[in-house]
Structures are given as C-alpha cells and as structure tokens.
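The lines below spell out each chain.
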Number of protein chains: 2
Amino acid sequence: MAKTAAILVIGNELLSGKIRDENVPYIAKELFALGVELKRVIFCQDEVDVIVSDLNALRAAHDVVFTTGGVGPTHDDLTLLAVAQAFGQKVVRSTEIERMVRKHFGDGTTEGHLRMAEVPEGATLVRSGEMPWPTVSIENVYVFPGVPQILHLKFPLLRDRLRADMPFVSRSLYTKADEFELADLLDAVAAAHPKVVIGSYLAWDAPDYAVKLTFDGTDEAAVNAALDHVRDGIVEGKVVRVE
Amino acid sequence: MAKTAAILVIGNELLSGKIRDENVPYIAKELFALGVELKRVIFCQDEVDVIVSDLNALRAAHDVVFTTGGVGPTHDDLTLLAVAQAFGQKVVRSTEIERMVRKHFGDGTTEGHLRMAEVPEGATLVRSGEMPWPTVSIENVYVFPGVPQILHLKFPLLRDRLRADMPFVSRSLYTKADEFELADLLDAVAAAHPKVVIGSYLAWDAPDYAVKLTFDGTDEAAVNAALDHVRDGIVEGKVVRVE
C-alpha cells in the first residue's frame, strides 16, 4: 500500500476568490516525487468547528495530513487552536519559539508577537539550521502557513521523513488519436494492468498531439507493460512521442 | 441567510500534480460576484464510491453544488455514473444529446461518441443559443467538464439562476501597519460587527503596504461601519488607501 496524504486548505479568502491557492499544486508535485499518494484536498472556511471536524476525518484516513493557512496573529487565524482541539489538547506557549520571538523583536516584543509562539500542547517543532522558524507538527499532522514563499522554505525539510519506500514510476504517451478512438483500448489496458493508474488528458491547445496518456505506479515493469500495450494498440503513425 | 455553494473537483491528475486546477478560482470569483457564499471545496480521486459519498454530503449541506472533471469517453471519466448513483438513478442516453452527437459526427458516429450522450435519468439540460452543448443538471447539482475553456463557455449561462437576492458588498483597506499592530483592533472590530467578515492578508511582495484588510457582507452600512471603525483605530499615516 502506498503512503497516503491529504491537505486541509484553510481560509475564507480562497473561497471568496480574493486569493488564488498556490500551495496545493506545489505540495501535490512534491508528494508525487516522494512516492506519497495525495488522495484528498479540502478547502474550508475559517471556523474552528469545521476545521476540527475536517482535520479529524482526514488524519484518521491518511498517513499524513498538511494544513495550510490560518496561522498568524489576527482574529481569523484559528488553525493552531483548531489543531489543538482536534487532538484534545490546550494551546500553550512554546518556550523555544518565545525565545526566538523575543530575540527577533527585542524590547519591542508585544503580546501580539508572542501569539506566534502558541502551539498545541505536545506538538513537535521541525526545523533545520537554514530555516530556523520551525514547522509545528503533532502526530501525523503538519501545520503550514498560507504564504507560499514561507511554505516553500519549510516543506523541503520534511522530504526525508515523508519519502515512501517505493517511489512512483511515471511515463507518458502523446498521441494524435482522440479520446473516442482510445476509449475501448484504454478500458482493456486498465483492466489488464490493475496496478497501473492510467490517465487520459485532452490537450486543448497543444500543437502536435490530441491526448496525453499517463501511466503511474510503483511497479516499473507493470507501468512499462501498460504503456507498451497502449502503444501497440494505437493506429500506426498516431503515436507522437513517449516519455 | 446567504445562498451557499460547494465544488467537488474530480480527478487524479490534480492530486498527482500533473495538472493545476484553474476552475476553483474562476468559479469562486463568479459566485462571490453573484452573492453566493462558496463554503467548501473537495478534490477527490476518480473513484465512484468516493464521488457518490462526497456529492451526497455536499448537496445535502449546500444550496448548490458544482462538479468539475471526469466527464468524457474514457475509463477514468466516472462523474456522470457517480452523479446518477448519488441520486439513485440509472444512466440513460439523452435523445436530445444523441441527436446533436449524430449531427456533429455524421456517418462516423461511434459508440464512443455516443457515450457523450449519457446522463443521469431525470437530469435537466441547461443550454442557450450561443452554447449549444448543454450543461447536465440534476436537482441542485451542476456537472461541468474539467477543461477550463469549456467551463468558461458554460458557466455564464447559469448566472441568472444562481444570483442571490442580496449581493455581497466588499471593501478593502491597505495599511502599512503590520498584523501584530492590528490584531487587537481587528479582534474588537470583528466582535462589534458580527455581520461583517473581516479578512487580513499579509502582503509579501507589495511595494507600498504591509497588510490588506477586507470587509465583506450583505449589509452595506455594516460593512462601511466596520471599515470606518478600523480606519479610525489605525495610527495616523499608516492607512495607505481605501477601496
């Protein structure tokens, strides 16, 4: 069984169309490269009860869960409170983060700044030398900010602990055949190679092909066999290239 | 109570990072302009049981639900089958769409082409003169393809039936104050104006302000009062502009 993951994207601003999510595509690509199967993403509003309920459902059903957004000092930043509630924990002030906050803001340190040191009791802080501000983690949940630039600094530190034992093998076939011509062949190949996930994507704007087919799985021989099965079944001259 | 909506985004290709979703930002902006509150988005895999379960939960809890993706002739296009199952209906061939398919493909019409005419029994077809290919709808669910260019042709036809009685009023305030300075003020304003949704967004790259604050609601006087309350509370000279 592949290692599985889910993302809980927290924030009214994404649901009202004010801000466009940039984090799901980034995390999705990272996880695929690590061999982790992202099975589910939920975008929810900034409401503690909703976050708690979604997080509890996702963490029970997946090996690892990421939250993005809702981390900060203002009234709509409810993620850490909700994560704590989901685990039946209180929010406490991390002495380690408090020390960092006081060092950073010096004599100007305010109660607002110190809200950044609040974490669920029992949380782990994931950090490295290059990225001193830690990522809060509790059991199989990792809490990320919504700002993509900060997430991009923090996520790579987790790669080693997330990487699955068996990476995905992914191959692609580009063809001039359309999806109608391919449908019966793909039905047969999908049935004959149950360990391979076969995707079929209409190319709306591509100059030289009509459909991109993808073949993903952890068994390289099976992935190659499924691709060869499709290549052999497509009318001569309609395979543009294979990657 | 505002009219509420949810989106179910269907497709392995988005979860594996192969394709980036373009439809949620588009639909989110459209709904906000129509006064419809998008409360929830789920990205799920191409699995009938999962789609059925998610769709049934979403349509019970929201006034309107949109699905995107999984519509087409290949093995991974399972949305219409799942929508039918969610409503306890069979998939049947629409005589109207069949006629359009046969007209379009002529003597070359295949069984594969005719799969495009399959709809849940009891479905409604939403169309207009300019966009002859209809959108399949059943009760409060609308089924859209994943290809953004097609969705952009189809969605505008629904505007009139989706529009809420009371549109959202949305205003913004840009400030040089940081979120730490603003936190207590925003707590107080949010408590004093419960009908207004106040958002606070860190500007990572903006040249002339640190934080954008947004004020949304259906009561224009309340939105303006909340904005004025914040403007009066910010240290002189730190309000950059108001929109």
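In case you missed it, the structure is sitting above this.
Below is a summary of the structure that appears in this document. From a predicted model like this one, the values you see are computed outputs, not experimental measurements.

Digging into the relation of the copies chain B and chain A
For the pair chain B and chain A, the superposition axis carries a translation of 0.0 Å, the fit reaches an RMSD of 0.0 Å, and the rotation angle comes to 180°. Look at the turn and shift together and you get a two-fold axis relating the two. For chain B, the residue whose C-alpha comes nearest the rotation axis is Ile42(B), separated from it by 2.3 Å. Taken as a fraction of all interface residues of chain B, those also at the interface in chain A reach 100%, which identifies the copy contact as same-surface.

Section: the interface of chain B and chain A
Residue-level contacts link 56 residues of chain B with 56 residues of chain A. Carbon and sulfur atoms make up 57% of the surface buried where chain B meets chain A, a total of about 4800 Å² over both sides. For the chain B face of the interface with chain A, the top three residues by lost area are Lys18(B), His75(B) and Phe180(B), together amounting to 14%. For the pair chain B and chain A, the interface holds 10 salt bridges. Two residues, Glu22(A) and Arg20(B), come together in a salt bridge whose shortest N-O distance is 2.5 Å. The element that contributes the greatest number of residues to the side of chain B that touches chain A is strand S2 (residues 36–44) of chain B, accounting for eight residues. Of the residues assigned to the side of chain B that touches chain A, the class counts are 26 nonpolar, 13 polar and 17 charged. Where strand S2 (residues 36–44) of chain A meets S2(B), five bridges bridge the pair, whose relative direction is antiparallel. By the bridge assignment, Val41(A) is partnered in S2(B) with Phe43(B).

Thresholds applied
- Residues numbered from 1 in each chain as written.
- Chains lettered and ligands numbered in written order.
- Predicted model: local features only at pLDDT ≥ 70, side-chain atom pairs only at ≥ 80, totals over all residues.
- Heavy atoms only, no water.
- Least-squares fit on C-alpha atoms with pLDDT ≥ 70 in both.
- Contact = heavy atoms within 4.5 Å.
- Buried area = accessible area lost by both parts, 1.4 Å probe.
- Salt bridge = Lys/Arg side-chain N within 4 Å of Asp/Glu carboxyl O.
- Helix = DSSP H or I, 4+ residues; strand = E, 2+ residues; numbered from the N terminus.
- Nonpolar A, V, L, I, M, F, W, Y, C, P; charged D, E, K, R; others polar.
- Pairing = 2+ DSSP bridges.

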